[in-house]
Amino acid sequence: MSSELEFLPVPATDLDRIRCNGHDDHGNQLVGFDSGAGAPLRCCLRMSTEGERIALVAYRPSPLGGPYAEVGPVFVHFSECSGYDGPDFPADFRERRAVLRPYDATGRMLDGVLAEPGTAPGELKRLFDDPAVELVHVRNVIAGCWNFSVRRA
Ligand SMILES: [Zn+2]
């Protein structure tokens, strides 16, 4: 397959709005706290380091909409950060087990995949071989929380 993939964190426009409002889009107050190491940050797609100021907010990561567009908790930096525009699968997420959930253009969920550590990039490429797949969520295995989205670049 020739098409490149794009890895999508929480968009900066959404983060700006949440930080400006002082609460997320679902009424939860934005409260900063000092992180321990290893909180998966959905603003810049890396693990937090000890003592970074972060917040936990509710976010709906599905621009496609529809009944499958769930809201869930995500860690983000409390203040503006560099974001993520890397063309590659985020390194800090590569060795984690992940659930890959593909969606079609209407936002309907198609068959998902459980990816073992290190296999998610290859599984993603395979999922996008199906032309019906518009977007894939990379999610945590146990809690199901969204980590980031992937689409064709
Ligand atoms: Zn960040």
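Not measured: the values here are computed from a predicted model.

## Digging into the nonpolar core
Okay, step 1: Ranked by size, the top nonpolar core spans 35 residues in total, and within it Phe89, Leu100, Leu124, Phe148 and Val150 carry the most contacts.
Okay, step 2: The greatest single-element share of this core, amounting to four residues, is contributed by strand 5 (residues 53-59).
Okay, step 3: The residue makeup of this core includes at least three contributed by each of domain 1 (9-77) and domain 2 (86-152).
Okay, step 4: With residues up to four places along the chain from it excluded, the contact list for Phe89 reads Phe7, Tyr84, Arg94, Ala120, Pro121, Leu124, Val138 and Phe148.

## Some details on the pairing of strand 9 (residues 135-139)
Okay, step 1: Along strand 9, five of the five residues are buried, which leaves the element largely enclosed by surrounding structure.
Okay, step 2: Covered by surrounding structure in strand 9 are Leu135, His137 and Arg139 together with Val136 and Val138, the residues of both alternating faces.
Okay, step 3: Sheet topology places strand 9 next to strand 10 (residues 146-152); four bridges connect them, and they run antiparallel. Following the sheet pairing, Val136 is matched in strand 10 by Val150.
Okay, step 4: Connecting the antiparallel pair strand 9 and strand 10 is a turn made up of six residues, with Gly144 showing a positive phi of about 80°.

## Overview of the coordination of the zinc ion
Okay, step 1: At this site the zinc ion is bound by Cys43 (SG), Cys44 (SG), His77 (ND1) and Cys81 (SG), with donor distances of 2.1 to 2.4 Å.
Okay, step 2: Here the zinc ion binds four donor atoms, and the angle range of 100 to 116° at the metal identifies the geometry as tetrahedral.
Okay, step 3: Look at where the donors of the zinc ion fall in the sequence and you get C-C-x32-H-x3-C. Of this pair, Cys44 sits in the loop between strand 3 (40-41) and strand 4 (46-47) while Cys81 sits in the loop between strand 6 (72-77) and helix 2 (91-94), and the two are 37 residues apart along the sequence.
Okay, step 4: In this structure Cys44 comes out as buried when scored by relative accessible area, which is 6%.

## What to know about the domain arrangement of the chain
Okay, step 1: Looking at the chain, the domain boundaries give domain 1 (9-77) and domain 2 (86-152).
Okay, step 2: Centre-to-centre separation of domain 1 and domain 2, based on C-alpha positions: 19 Å.
Okay, step 3: With 18 residues of domain 1 at the contact, the number on the domain 2 side is 22 residues.
Okay, step 4: Regarding the contact of domain 1 and domain 2, the summed buried area is about 1500 Å², with carbon and sulfur atoms giving 64% of it.
Okay, step 5: Together, Leu45, Leu64 and Tyr68 form the three largest contributors to the area buried by domain 1 at its contact with domain 2, with a combined 38%.
Okay, step 6: Put simply, Arg101 and Glu70 hold a salt bridge, and the shortest N to O gap is 2.6 Å.
Okay, step 7: Put simply, domain 1 and domain 2 have six residue pairs in polar contact (both at pLDDT 80 or more) between them.
Okay, step 8: Among the elements of the structure, strand 3, strand 4 and strand 6 are those that each provide at least two residues to the side of domain 1 that touches domain 2.
Okay, step 9: In terms of residue class, the side of domain 1 that touches domain 2 is made up of 13 nonpolar, two polar and three charged.

Criteria and thresholds
- Residues numbered from 1 in each chain as written.
- Predicted model: local features only at pLDDT ≥ 70, side-chain atom pairs only at ≥ 80, totals over all residues.
- Heavy atoms only, no water.
- Core = buried A, V, L, I, M, F, W, Y, C linked by side-chain atoms within 4.5 Å.
- Buried < 20%, exposed > 50% of the residue type's maximum accessible area, 1.4 Å probe, protein only.
- Helix = DSSP H or I, 4+ residues; strand = E, 2+ residues; numbered from the N terminus.
- Domains from an automatic or database assignment.
- Contact = heavy atoms within 4.5 Å.
- Pairing = 2+ DSSP bridges.
- Donors = N, O, S within 2.8 Å, 3.2 Å for Na, K, Ca; no water.
- Tetrahedral: all angles 85-135°; square planar, octahedral: opposite > 155°, others 65-115°.
- Buried area = accessible area lost by both parts, 1.4 Å probe.
- Salt bridge = Lys/Arg side-chain N within 4 Å of Asp/Glu carboxyl O.
- Polar contact = N/O pair within 3.5 Å; in protein donor to acceptor, adjacent residues only side chain to side chain.
- Nonpolar A, V, L, I, M, F, W, Y, C, P; charged D, E, K, R; others polar.

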